[in-house]
Amino acid sequence: MLSVHDLLDTTHLTADDITQILDTARGFAEVNSRAIKKVPALRGRTIVNLFLEPSTRTRSSFELAEKRLSADSLNMGGSTSSVVKGESLADTIQTISAMNVDMFVVRARLAGTPALVARNTDARVINAGDGKHQHPTQALLDLYTIRENFGHLDGLKVAIVGDLLHSRVLGSLAPALNTMGAEVVLVGPPTFQVSDPSYFHAEQTDDIDSVLSEVDVMYMLRVQLERMEGAAIPSSREYNRLYGLNERRAARMRPDAIVCHPGPMNRGMEIMPEVADAPRAKILDQVNAGVAVRMAAMYLLLGGADDGISD
Ligand code: NCD
């Protein structure tokens, strides 16, 4: 059992919560590698996917996770819901909740929307990314990928690089790494730096070259071109020259160090194709882990039957 009712952020997760999710995800990863990728763990449960912002990989990952747990799911998007008729989100949530649903998975442009949903329902809520705030299942799949690679998380040093200012991935990943005993260093141009790195218990630098040989993980953030207000960076070429992970920089990393990216990648900007496609890049492992980790989070929140995995 997790210590939280909803998965709104990683800040409120204990090390025990995170370990439970990662351990449970391992069992589901095994299910996902079978020819028949389905267990009855959440049979009879109803999950509503409320995606108010475009999403491809997160949405498909959640949908696959729900199908593989045998849950029934309902997909609601911005333009097809009554929110466009002027109904308040609170009313929409109360209406859907009155149909006895068990969980909402919420992706939204505005930070705080999943928390608003949680205040209007007794159902469990998972934040699938809200504005620049948090994206907890992304952080958990990142932790899963890193732990599978190194066998542990404590004592590792992780550089989170790039568009720190607009990043909900940073918002979730850094606190979760802290909780699990890993060290975080933030790297980005001054216009992308966070105002208070001590909030993340992290050092902050604008010099990517200074961290390359020190870290176990280079976690490259996507430059959030859609969230720029004004020109924060001169050009993608300039950004690539100063902050992009290219072959020359990757060669300075420790032999066993890995590269992660949440996707979708801006190839040629924050990461060069030859690095993204190299063996040390774990980007597709992250995507693969996403389904198992989301299955684990949904299963643990809904307190599925004990024999859920073994079938
Ligand atoms: C992330 C997101 O949407 O926050 N992507 C994702 O979940 N697939 C990261 C990003 O968009 O940069």
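All values reported here derive from a predicted model rather than from experimental measurement. (Residues numbered from 1 in each chain as written. Predicted model: local features only at pLDDT ≥ 70, side-chain atom pairs only at ≥ 80, totals over all residues. Heavy atoms only, no water.)

Asks: So what's going on with the packing of helix H5 (residues 136-150) against helix H6 (residues 168-179)? Which residues, and what values?
Replies: Where H5 meets H6, the closest approach of the two axes is 8 Å, and the angle between their N-to-C directions is 50 degrees. By the angle between their directions, the pair H5 and H6 is classed as oblique. Between H5 and H6 lies a crossing whose hand is right-handed. On the side of H5, the interface is formed by Pro136, Gln138, Ala139, Asp142 and Leu143, while H6 contributes Val169, Ser172, Leu173, Ala176 and Leu177. (Axes fitted to C-alpha atoms, helices over the stretch in contact; angles between N-to-C directions. Helix = DSSP H or I, 4+ residues; strand = E, 2+ residues; numbered from the N terminus. Parallel < 35°, antiparallel > 145°, perpendicular 65-115°, else oblique. Left-handed = near helix turned anticlockwise from the far one by under 90°. Contact = heavy atoms within 4.5 Å.)

Asks: Please provide a residue-by-residue account of the packing of aromatic side chains, values included.
Replies: A full pass over the atoms with the stated rule returns four aromatic pairs. For the pair Phe28 and Tyr299, a centre-to-centre distance of 5.5 Å together with 80 degrees between the ring planes defines the contact as edge-to-face. Here Tyr299 lies in helix H10 (residues 283-301) and Phe28 lies in helix H1 (residues 15-32), a separation of 271 residues in the sequence. In this structure Tyr299 comes out as buried when scored by relative accessible area, which is 9%. Considering the side-chain rings of Tyr199 and Phe200, the 5.0 Å spacing of their centres and the 85 degrees angle between planes classify their relative orientation as edge-to-face. An aromatic cluster is built from Phe192, Tyr239 and Tyr243, whose rings are joined through pairwise contacts. (Phe/Tyr/Trp six-rings, centres within 6.5 Å; stacked < 30°, edge-to-face > 60°. Buried < 20%, exposed > 50% of the residue type's maximum accessible area, 1.4 Å probe, protein only.)

Asks: Give me the domain arrangement of the protein chain: which residues, what numbers.
Replies: Examined at the domain level, the protein chain breaks down into domain 1 (15-135 + 287-302) and domain 2 (136-282). The C-alpha-based centres of domain 1 and domain 2 are spaced at 26 Å. If you look at the interface, domain 1 gives 27 residues, while domain 2 gives 26 residues. Carbon and sulfur atoms make up 60% of the surface buried where domain 1 meets domain 2, a total of about 2200 Å² over both sides. (Domains from an automatic or database assignment. Buried area = accessible area lost by both parts, 1.4 Å probe.)

Asks: Residues and numbers for the side chain of Gln134, please.
Replies: Relative to the elements of secondary structure, Gln134 occurs in the loop between strand S4 (124-130) and H5. Owing to a relative accessible area of 3%, Gln134 belongs among the buried residues under this scheme. Side chain to side chain, Gln134 and Thr11 meet in a polar contact 3.0 Å long. Looking at Gln134, its side chain comes within polar contact range of the main-chain oxygen of Gly171, at 3.0 Å. When neighbours within four sequence positions are excluded, Gln134 is seen to be in contact with Leu8, Asp9, Thr10, Thr11, Asn127, Gly129, Arg168, Gly171 and Ser172. (Polar contact = N/O pair within 3.5 Å; in protein donor to acceptor, adjacent residues only side chain to side chain.)

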